[in-house]
Amino acid sequence: MIQVRLAGHGGDVEFQAASGITALFGPSGAGKTRILDAIAGFAAPGSGRIILDDEILYDGASGVSLPARRRRCGYVARDWALFPHLNLHDNLLFPLTRLGRLERYRQVKETLERFHLQDVASRRPADVSLAERLRATFARALIGEPRILLVDEPASGLDVGLRAEWLAALRLVRDETDLPVLLATRDLDLCFELAGSMHLLHNGRILQSGAPRAVLDQPVTVEAARLLGVRNLFQAEIVALDPGRNTSRLRLEELELTGRYFPGHLRGDRVWVCVEPGRLRATPQNGAKPQANQAAARLERASEMPRVVRLEFVGGIVAEVPRHEFERQKDNKEWLVEFPPDALRVL
C-alpha cells in the first residue's frame, strides 16, 4: 500500500494505491511523471508525505527523505533506460549488489528465463530487438524485489507488436504479483485494459478518481469530460423535473429532450449535457420528421474506426454506427439522431 500527499509549485495531489494497477491519466504536463519521480526519490516535492508499506519515504514537515536506493521502487522509465555498455545479464545483475554472489546469479538466471531473455543475455541493449529491450527493462525493474512498480508510458507511440509486448509485461506483473503498480499514461484505452482504478490529472491536480468505467460514465466537471475526450458536450437548461416519474426535460437551443430525473438540480438550472457517441442512434432521415428525443442532422464527415464508423454532424453531434449499417447508407447526408433518455448525463 502506498499513500501519497504532495504539494508544491506543480500542484497538489493526494491518493493511495494497493496491489494491482492504478492509472495516473492525463495530458502531457499534467504532473504524472513528477509524481512517479517523487515516489522513486528522483525529485523532491515542495512538501507533503509519501508512505510505502508503513515506512515514510518522504515527509516535508520533518525533513525525512530516503535516498532512491533505499526506497525499493522498480521504475520502468519512458525511454526504457538500460546501461548501454553492459549486456542484459549484467544490467540485471547491477541492482543486486546487496546480495551474495551465488544468490545474485541465481536470481538473474531465473529472471532471464521468466522474461524469455536467456538466449540474448550476453548481448548489449543496442544489439537486441526492441521487444527484447522492453522485456529487459521490466526484468531489471522487478529483479530487486521492489515494493512498488512505477511505469511511465513511452514518450513515442508503439507499433502494434511492441504494444502487445508492453501490455503482456504489465499483465504479468498484475496477475502474478501483489505489487502496487502506478501507470502514468495519456491513453484512456490502457486505463480500461489494465487498471482497476484511475486518477484523472490536470495541471498537477487530481480532478476525479474511481474505476475507469465510473469515471468515464460520470465526469464530475466539464473540464474532466473534455480531458476524457467526451465528444457530445452541450449546454442546456432544465425546463421540467418530475421525480415521481423519474424524468426531466432539457432544452438544448431549439431541441427539447427527455432524460431521467437528475437529483440535486432545479428547474431553470443551466447545465452541461454529455452523451457517448456509441449511445446515440443514427438512422437515415428519408423524409421523416423528427420524433421525441430525435434531431434532424446533416452529415459533415464520416471516419472509419477499427470497429465502427464515426459520424460527425453539423452542430457538433457525433455518433457511431456499425460499419455494415453505414455501408448501406453511406451516400445519405440527412440523418435522424436519437438521444436515448438513459444515455443523457448532466454535469
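Structure first, text after, so check above.
Quantities reported herein were computed from a predicted structural model and do not represent experimental measurements. (Residues numbered from 1 in each chain as written. Predicted model: local features only at pLDDT ≥ 70, side-chain atom pairs only at ≥ 80, totals over all residues. Heavy atoms only, no water.)

Caption draft 1: Quick peek at the packing of aromatic side chains. This structure, assessed with the given rule, holds 4 aromatic pairs. Look at Phe42 and Tyr75: their rings are 5.6 Å apart centre to centre, the planes differ by 15°, and that puts the pair in the stacked class. Here Phe42 is found in the loop between helix 1 (32–40) and strand 4 (47–52), whereas its partner Tyr75 is found in strand 7 (residues 73–76), with 33 residues between them in sequence. Using a relative accessible area of 56% as the deciding quantity, one classes Phe42 as exposed. What makes Tyr75 buried here is its relative accessible area of 18%. Relative to Phe94, the ring of Phe83 has its centre 4.8 Å away and its plane inclined at 70°; by these criteria the two rings are edge-to-face. In this pair, Phe83 is assigned in the loop between strand 7 and helix 3 (88–93) and Phe94 in the loop between helix 3 and helix 4 (101–114), connecting sequence segments 11 residues apart. Residue classification places Phe83 among the partly exposed residues on the basis of a relative accessible area of 28%. A cation over a ring is seen here: Arg101 above Tyr105, with NZ or CZ 4.9 Å from the ring centre. Lying over the aromatic face of Trp272, Arg226 brings its terminal NZ or CZ to 5.3 Å of the ring centre. (Phe/Tyr/Trp six-rings, centres within 6.5 Å; stacked < 30°, edge-to-face > 60°. Helix = DSSP H or I, 4+ residues; strand = E, 2+ residues; numbered from the N terminus. Buried < 20%, exposed > 50% of the residue type's maximum accessible area, 1.4 Å probe, protein only. Lys NZ or Arg CZ within 6 Å of the ring centre and 35° of its normal.)

Caption draft 2: Up close: the side chain of Asp59. Among the secondary structure elements, Asp59 is positioned in strand 5 (residues 55–59). Look at Asp59 and you get buried, because its relative accessible area is 7%. Filtering out sequence-adjacent residues up to four positions away, Asp59 remains in contact with Gly48, Arg49 and Val64. (Contact = heavy atoms within 4.5 Å.)

Caption draft 3: Looking closely at the packing of helix 5 (residues 130–143) against helix 6 (residues 160–176). Between helix 5 and helix 6, whose axes approach to 9 Å, the crossing angle comes to 20°. When the axis of helix 5 is compared with that of helix 6, the two are roughly parallel. Like other packed secondary-structure pairs, helix 5 and helix 6 cross with a definite hand, here right-handed. In this structure, helix 5 uses Leu130, Ala131, Leu134, Arg135, Phe138 and Leu142 to contact helix 6, whose residues at the interface are Leu162, Glu165, Trp166, Ala169, Leu170 and Val173. (Axes fitted to C-alpha atoms, helices over the stretch in contact; angles between N-to-C directions. Parallel < 35°, antiparallel > 145°, perpendicular 65-115°, else oblique. Left-handed = near helix turned anticlockwise from the far one by under 90°.)

Caption draft 4: Molecular detail of the pattern of salt bridges. Within the structure shown, the criterion is met by 26 salt bridges. Between Arg147 and Glu55 there is a salt bridge, with its nearest N and O atoms 2.8 Å apart. Taken together, the residues span a long stretch of sequence, with Arg147 in the loop between helix 5 and strand 8 (148–152) and Glu55 in strand 5 at a distance of 92 residues. We note a salt bridge from Lys109 to Glu113, for which the minimum N-O separation is 2.9 Å. (Salt bridge = Lys/Arg side-chain N within 4 Å of Asp/Glu carboxyl O.)

Caption draft 5: Region of the structure containing the nonpolar core. Counting residues in hydrophobic clusters, the biggest one holds 54 residues, and the most contacted among them are Phe138, Leu149, Val151, Trp166, Leu170 and Leu228. Counting residues per element, this core draws most heavily on helix 5, at 8 residues. Leave out the neighbours within four places in its chain, and Phe138 touches Val76, Phe115, Leu149, Val151, Trp166, Ala169 and Leu170. With 29 residues, the next largest nonpolar core counts Phe234, Val275, Ala282 and Val309 among its residues. (Core = buried A, V, L, I, M, F, W, Y, C linked by side-chain atoms within 4.5 Å.)

Caption draft 6: Geometry of the sheet that holds strand 13 (residues 247–252). Taken in spatial order, the 5 strands line up as 14-13-12-15-21 in an open sheet, and their pairing is antiparallel. Each of the sheet's edge strands pairs with one partner strand only, and the pair in question is strand 14 (255–260) and strand 21 (345–346). (Pairing = 2+ DSSP bridges.)

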